[in-house]
Amino acid sequence: MKTSKVIVAFILTLSLLSLPSLGFQSDELLVDDEEFGLEGAPQTRSPESIPTRSPPVVTPTKKRHSDLDSDSKIQFSLDHAFGDSGFAPAGTFSARLKTWSHGGQTLTKLRFSRNNFTDEEKQKFKNLLESDDFYRMRLPSNVLSPPGRDFIISSVKARCLPREGLDEHFVIHMEGTNVLAVNYGSPGSCPYPRILKLPAKWSFNSHTVLKSSDQAPRAPVFTEEILGVGGENGEGEVVQPPERSFWAKYWMYLIPLGLIVMNAITQAMNLPEEQATGQGPAQGQPSAGAVQRGPGSAVRRR
Amino acid sequence: MAIRHQQYIGKVKQAMFHTQKTGRKRVVVSTEENVLASLDLRHGEIFWRHVLGPNDVIDGIDALGKYAVTLSSGGSILRAWNLPDGQMVWESSLQGPKHSKSLLLTNFKIEKDNVALVFSNGRLHAVSGIDGEVLWKKDFEAESLEVQKIIQPPGSDLVYVVGFGASSQFEVFQINARNGQLLKHESAPISGGFSGEVSLVSSETLVALDSTGSNLITISFHDGKISFQQTPISNLVEESFGPAVLVPSSVAGIFAIKVNAITIFIRVTGEGKLEVVEKITNETAVSDALSISEGQQAFAFVQHAGSEIHLTVKMAHDWDVNLLKERIRMDQPRGLVSKVFINNYVRTDRSHGFRALIVMEDHSLLLLQQGEIVWSREDGLASIIDVTTAELPVEKDGVSVAKVEHNLFEWLKGHLLKLKGTLMLASPEDIAAIQSIRLKSSEKSKMTRDHNGFRKLLIVLTSAKKLFALHTGDGHIVWSHLLQSLHKSEVCQQPIGLNLYQWQVPHHHAMDENPSVLVVGRCGPSLDAPGVLSFVDAYTGKELSSSSPVHSVAQVIPLPFTDSTEQRLHLLIDADQHAHLYPTTPEALGIFQREFSNIYWYSVEDDNSIIKGHALKSKCTGEAVDEFCFDTRELWSIVFPSESENIIATVTRKLNEVVHTQAKVIADHDVMYKYISRNALFVATVAPKASGEIGSVTPEESWLVAYVIDTVTGRILHRVTHHGSQGPVQAVFSENWVVYHYFNLRAHRYEMSVIEIYDQSRADNKDVLKLVLGKHNLTSPVSSYSRPEIITKSQSYFFPHSVKAIAVTSTAKGITSKQLLIGTIGDQVLALDKRFLDPRRSVNPTQAEKEEGIIPLTDSLPIIPQSYVTHALRVEGLRGIVTVPAKLESTTLVFAHGVDLFLTQLAPSRTYDSLTEDFSYALLLITIVALVAAIFVTWIWSERKELQEKWR
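Quantities reported herein were computed from a predicted structural model and do not represent experimental measurements. (Residues numbered from 1 in each chain as written. Chains lettered and ligands numbered in written order. Predicted model: local features only at pLDDT ≥ 70, side-chain atom pairs only at ≥ 80, totals over all residues.)

## What about the sheet that holds strand S46 (residues 600-605) of chain B?
All names here are of chain B. So the rule is basically this: Here a strand pair is declared whenever DSSP counts at least two bridges between the two strands. By the criteria applied, helices consist of DSSP H or I runs no shorter than four residues and strands consist of E runs no shorter than two, each listed in order from the N terminus. The angle between two axes is taken between their N-to-C directions and runs from 0 to 180 degrees, where each axis is a line fitted to C-alpha atoms and a helix contributes only its stretch in contact.
Strand order in the open sheet formed by six strands is S43-S44-S45-S48-S47-S46, with antiparallel pairing between adjacent strands. For this open sheet the edge positions go to strand S43 (555-562) and S46, each flanked by a neighbour on one side alone. Ignoring strand direction, the axes of neighbouring strands in this sheet form an average angle of 35°. Pairing geometry for S46 and strand S47 (residues 610-619), over six bridges, is antiparallel. Bridging across to S47, Tyr600 finds its partner in Ala615.

As structure tokens, then:
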């Protein structure tokens, strides 16, 4: 845990360090990464779903530029479909379109107003629940000139949505004024096998997150000095072939050798000892003594 | 460790025989793979070889004095090569004002200097053969001229440049070959227009076809005067219908046309009169002319007759005389002859002998001489499209005995040979035979499964639509088969092979069946062309069954289900988004219906930059009842804004990858859970401007965005932008990580990045008490519809090479640590430990992290010369790297293919589960024996001592 904190801190510092050199664009991207809740249905946001993420660091930057940038309000609609039926309006997103001094346009302050299900739609949704079918969502791929190149579609098994009411969670991936993708689903888990459960209240509890791309961490650039050292260390560790020590390589030969040597030593120690005690005079010519002993013992055996 | 390296050259485009009278008989060839090679005429071995880059297409080769010259890169580079050793002598760059056809002519001399005349890029150059200096050049820029031929009448200083100008003008330029001066320019309009090639029948006569292809035009331009003569083909051939095609050749007085697959040889007599000399109904290939003596030309043609081919060599001026007529039996079906090159030699009886080099439909190269195939090269293997593997049969008792009895004679012969060898009586041929027998009987090339799983069959599909089975033991070809179902036919005009799939892998039941593979092909390059399926037995290469052109095939999805005979279920998606189930059996349908709602797939529209997710809907509602056809529906879509992002790479995990553990224990004894999903897709997009070559954009205008997408719900799991970076992107996805390679314009260097994805939803399972009480969610099924709680870690490093391909090692159980296999620009394969691409690397790792194996962070990835898997070898034209797990957990087989093939075994963590090959068993035995001896000696010794003690 500690290490991951260190890494996170490291990455943070790196990204902070890199911020000034990137100019305003990076600021802008960070601004986007806000989480907005929704309203729509009479129900208010449940307390635990209140977005906790906020970009306090960036706020001053935003203010600094607000006088330069012009805002305008835009709206785009969300369509839904039950199973394979056609798409029908389900709600509208409204947002502020910010035009930055450098020409880029982004959306902020996204609001979502969700239409309630009509009785007919409720019936259709019940059918979906029963057949475990898909509930589908559709957004234009460009918010300024809908539908843009094509519609963005997302689907979820209808049985994932009902809880107390109907909980839904949108993640909208943006690139300027283009919508790349929308991920639609339940805010929590949707365990398999999905069980049939009718919602207690036919009202939507919507959460919306607007996301744009993160900056990649840069490749670490070291100064010459550190590079030299670091490189050497790295290389050293690598080049150093996991060379086994002499002992690790040859232990199977060394142990028996050691045993033999030890054996021989004890023998050699014993030999003089015994000669010193047994045949005192013959000392100095042990071999001769042995030779003499040989025939002698043979004779005795006979 | 066993290494297999095989060298190929590819399909031969042009061949040029040495005319030297020295004993060395060689032929220089240029190929479709842009290889220039010198082959031995006796054995077909490669003497030397040069692989020019993929963008350096060879337009022509010819002999220039004692050098071979090649014209390449659209006629802008002329190189001379020394014949004996293949050294480049000089290189000359020929620039011109506009792009045009490139022509090469070399039989011209200026004062002992051989001069090459090159027409390329709208300019005629004369290049000195000594040093490649451009002697003179002449522009043909002003005229909208489509040059067809440059002609150099023998024994004169003139060069004719002939071609078609605007509004069907025929133009002749007469040029002084010594200084490039334009002497005369004549042009004449022709009413019918021209089409296609022209055929040169003499130095001042051409034959062309008019634009309808039904009239032959004889053009003569004697002394600058142009005269035409039109002859309707129907006058020559009664039953002619349909347009004719001129067969490119340059034989004096004779040319050939093809009408409805009939080849007609026509002689031009005197004043442009045409006369049919022979009609051949079989498929035929014609060679160029070969001058055998003063003023005499010979040429050859080959025709098919069943499994035989007939080679005929005729004199150009006398059709009735056959210099040679041979029938050659083909050893195996190789399709049609696509090219013939002839060469003559003087026989022992001083008469003319001819040998022919023929290129077959399967890209193999054969040398024919005296009615036999002297040698053959399987050069189709230089263009592999797809690779799959098959296990060898299990060794059964009795089989080997039967084989021995069957080949009793050969067995005896083999022993006799061996006896000869030991008695030193063997001739060189005998020794070669003994060696081949030894190779055959050796462990490595056995046709049965081995304990370690090193012996397998690699089944490869080549662009010539031929299947080969290669043995991983020694790399020999076990069988090869030219696919009949992918043969060109009426219904299937331009068949191409697409992919190979393991169709049937006998496993637990159905052990008696042979494994089989599915070959998917298509009739034509467009996506909606009808598809062709073929099922091939992996042991014998026999085509078990095949389907005639069916629905189109846009995508093939192997499903994770098999039927009772272990046939894998495959879903084929056609261009109209209908899904077709294979095999078409009721049993497969039953299995499929059970999983009907759990099948998802995605499609990528590259040119449109849209990714879509699909699921099945219902049975097809077409007019024809087909219970194996299903309608589909679109579930999700991701539309990349066309003005800012283009898809350049998509990568998924390998289907058969095995992951050993889901958890990763990190340094402080904490556990991280890998996010392992079969449905993750890596997508890389770049700014449209940055799609070009590296350096064509400024860093401000280019960016690269990396995505990880769940393909069931279309959820973007991770999205990250690399500013100032551009493609080409090479990527590999394995377990929970993806590694990708791209170019960083700001740093002017290549970079590699890693993204690792961890699952946070399982992080609560660390509590031991919970585990004991069973209150964990480790066994609950994972659903893509749950909102994923994931964290990603990523890091980037500089990498000094550009990369052609990346793969990752795969082992049987996934325990062994992984290595990345990187195909470098130098056509080598580099093994890089995945540890170097660990996003948790930091500058100063703690002691605990060091113990875990984390390497201190460096800004670039090290390239250790010892970690080149290919050692000193090069896999020329490297295109792909395939890894196959062996049964032994520590080892994986690596197969790299390009123009060359390379196969080796790799143990990323060294062979911890077996002794290495160089382990000295002898030393171990000696040690044991010595130990036992020592024990005895000391035992006797001590016995004796004890005895003495007792006597005392």
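## Points about the sheet that holds strand S49 (residues 646-652) of chain B
The strands making up a sheet associate through hydrogen bonds between their backbones, and the pairing can be parallel or antiparallel. Spatial strand order, S10(A)-S54(B)-S53(B)-S52(B)-S49(B): five strands in an open sheet with mixed pairing. Unpaired on one side and paired on the other, strand S10 (214-215) of chain A together with S49 of chain B mark the two borders of the sheet. Note: S49(B) against strand S52 (residues 680-686) of chain B, six bridges, orientation antiparallel. Bridged to Asn646(B) within S52(B) is Val686(B).

## Overview of the nonpolar core
All names here are of chain B. As a reminder of what qualifies: By convention the nonpolar core is taken to be a set of buried residues drawn from Ala, Val, Leu, Ile, Met, Phe, Trp, Tyr and Cys and joined through C-beta atoms within 7 Å. Residue burial here comes from a neighbour count, namely the number of other C-beta atoms, placed from the backbone, that lie within 10 Å of the residue's own C-beta, with 20 or more meaning buried, 12 or fewer meaning exposed, and in between meaning partly exposed. Note that domain bounds follow an automatic or database assignment of domains.
With 260 residues, the main nonpolar core has Val340, Ala731, Val738 and Val739 as its most contacted residues. Tallying contributions element by element places strand S53 (residues 703-710) first for this core, with seven residues. Structurally, this core is a two-domain feature, drawing no fewer than three residues from each of domain 2 (643-799) and domain 3 (801-919).

## Notes on the interface of chain A and chain B
Using the following cut-off: The contact criterion used here is simple: two residues whose C-beta atoms, placed from the backbone, lie within 7 Å are in contact. When residues are grouped by polarity, Ala, Val, Leu, Ile, Met, Phe, Trp, Tyr, Cys and Pro land in nonpolar, Asp, Glu, Lys and Arg in charged, and all others, Gly among them, in polar.
Taken together, the contact pairs 59 residues of chain A with 57 residues of chain B. Where the side of chain A that touches chain B is concerned, the elements lending two or more residues are helix H1 (2-22), strand S6 (151-157), strand S7 (166-175), strand S8 (178-185), S10, helix H5 (224-239) and helix H6 (246-278) of chain A. It is H5(A) that contributes the most residues to the side of chain A that touches chain B, nine residues altogether. Here the side of chain A that touches chain B is built from residues that sort into 28 nonpolar, 21 polar and 10 charged. In the sheet, S10(A) pairs with strand S54 (residues 716-723) of chain B via two bridges, with the strands oriented parallel. Bridge pairing links Asp214(A) to Val720(B) in S54(B).

## A few points about helix H8 (residues 921-951) of chain B
Counting along an α-helix, one turn takes 3.6 residues, and residues three or four places apart therefore face a common direction. The criterion, for reference: A helix's residues, less one, multiplied by 1.5 Å, set its expected span.
If you check H8(B), its first and last C-alpha atoms are 45 Å apart, about what 31 residues at 1.5 Å a residue would give, namely 45 Å. In terms of burial, H8(B) is a largely surface element, zero of the 31 residues being buried.

## Focus: the domain arrangement of chain B
Taken domain by domain, chain B consists of domain 1 (396-445), domain 2 (643-799), domain 3 (801-919) and domain 4 (920-952). Computed over C-alpha atoms only, the centres of domain 3 of chain B and domain 4 of chain B are separated by 48 Å.

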